[in-house]
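# Per-entry structural report
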Amino acid sequence: MSGLGEREYNSMNRITQCMHGKGTVSGVMRHRHTSQTDIPSKYLAFSGMFRPVVFWNLTDRCNLSCTHCYNRSGPGCQTEGELSTAEALGLIDDLAEMNIPLILFTGGEPLMREDIWELAQYTRKKGIKMALSTNGTLITAEVALRIRESGIEYAGISLDGARALTHDRFRNSPGAFERTVAAFAMCREAGLRCGVRVTLTTENCSELEALIDLALTLGASRFCLYWLVPTGRGIESYERLQLGTNEVTDALTLLYRKAKETDPSSMEFLTVDAPQDCIHLLASMKQDGSPDLADARELLQSLNGGCSAGTRVANIDSHGNVYPCQFARSENFFVGNIKNLPFSRIWGNNANPVLAQFREKQACFGGRCAGCTYRELCGGGCRVRAYAVNGDFFAEDPFCFVEENSIAVKR
């Protein structure tokens, strides 16, 4: 499973940018009417657009078989049915016509797709920014240089433990940790920006601080923490691996402390797949008397309700199927297929019932989300998780740790 490391766009909580955000609000406002391809990368997440960042699963093939993979990728996956090179180039043409700001090449392991260099070079020619999501094990010095020379600006590398034992068990591949760590050195040598991506679970949460320290040592420019979503192989492992409220709060408190201690120009911190994380961040900043609190709140409110799925984020799988995000992969969230209709027409159809659901920010949610006063910030959390656990798209997000009117910030 493999993100601008994903410029980690879905439901992201940009801890560093909010904490050290002087000038960011004015920058966002200044670029409100700028063409998406001309907006600086750090402002893309705050641009209100239905021209989404596209997470494109180039292939289902992967040299690893990770426990939590949302795509069920692995060595046994076949190429049959994958978009041909011609179909892929046609898709890039369509995305360029839409003025898409960024394509994230993911998988599977995208480096296993033989024509990735042709696709990347064509994407650069069309003026679209690119990032790569990879497990890192196939990155040699030559590959790292080729990634940079193809026009890909950033590689998000998955690292799920501070120790080989933890990472290799999670990735079901002895030796994966050593090869992944080596990939960071190869990327630095090639002049390619890279960052760490970790999915935090019961099996690696005790290593979070050590993993952050390792990321700094490896020269990562970004530390992106994902929370588990029950999709793909994550469905079978969800109950066993998902964290509880205290573990989540402890992790967020640690991230906040580390973000305070870390020079924002050396590494930034983000969390993904739980928009409600921003509530803990604002509470921590308020408790600290942060002078950036008002700017942080304004930045978060500019996202108009948390989750980016179906608006600022889109997913196209290896067969051309379109979904609101890479975690909304059930049949119930199928939007269309680019072999039958261009992506631009699929995405531009506001009458599509799936897209309409994800784009309705004033929906009548149930459970604790129904009357929660924080909903204007988090948008009701992750709808994919709500549906997977409760069988109801409008149910409360079961991963929400927020207690109404009583947010405790641990020290």
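Here, the structure is the one placed above.
Residues numbered from 1 in each chain as written. Predicted model: local features only at pLDDT ≥ 70, side-chain atom pairs only at ≥ 80, totals over all residues. Heavy atoms only, no water.

This part covers the packing of helix 10 (residues 245–261) against helix 11 (residues 277–288). Packed helix pairs are specified by the crossing angle of their axes together with the interaxial distance, meaning the distance between the axes. Running from N to C, helix 10 and helix 11 point in directions that differ by 55°, and their axes come no closer than 10 Å. Overall, the two elements helix 10 and helix 11 adopt an arrangement that is oblique. Along this stretch, helix 10 crosses helix 11, giving a crossing that reads as right-handed. Of helix 11, the residues touching helix 10 (which contributes T249, L252, T253, Y256 and K260) are D277, H280, L281, S284, M285 and D288. Here the residues of the contact of helix 10 with helix 11 are counted per class, giving four nonpolar, four polar and three charged. (Axes fitted to C-alpha atoms, helices over the stretch in contact; angles between N-to-C directions. Helix = DSSP H or I, 4+ residues; strand = E, 2+ residues; numbered from the N terminus. Parallel < 35°, antiparallel > 145°, perpendicular 65-115°, else oblique. Left-handed = near helix turned anticlockwise from the far one by under 90°. Contact = heavy atoms within 4.5 Å. Nonpolar A, V, L, I, M, F, W, Y, C, P; charged D, E, K, R; others polar.)

Below, the discussion takes up helix 8 (residues 208–218). Taken together, the buried positions of helix 8 are occupied by L208, L211, I212, L214, A215 and L218. Taken around the axis of helix 8, the buried residues stretch over an arc of 160°, which confines them to a single face. Buried residues along helix 8 sit against helix 7 (176–190), strand 6 (193–200), strand 7 (222–227), helix 10 and strand 8 (268–272). Two residues or fewer past helix 8, G219 is found with a positive phi of approximately 85°. (Buried < 20%, exposed > 50% of the residue type's maximum accessible area, 1.4 Å probe, protein only. Arc of directions from axis to C-beta.)

Let's shift gears to the packing of aromatic side chains. All chains considered together, the criterion is met by 13 aromatic pairs. Taken together, a centroid distance of 6.2 Å and an interplanar angle of 70° make the contact between Y323 and F334 edge-to-face. Placement of Y323 in strand 10 (residues 321–323) and of F334 in the loop between strand 10 and strand 11 (336–337) is noted, with a sequence separation of 11 residues between them. Take Y323: its relative accessible area is 9%, and that puts it in the buried class. Classification of F334 as partly exposed rests on a relative accessible area of 37%. Linked through ring pairs, F333, F358, F365, Y387, F393 and F394 together constitute an aromatic cluster. Positioned above the aromatic ring of F365 is the side chain of R383, whose terminal nitrogen or guanidinium carbon lies 4.2 Å from the ring centre. (Phe/Tyr/Trp six-rings, centres within 6.5 Å; stacked < 30°, edge-to-face > 60°. Lys NZ or Arg CZ within 6 Å of the ring centre and 35° of its normal.)

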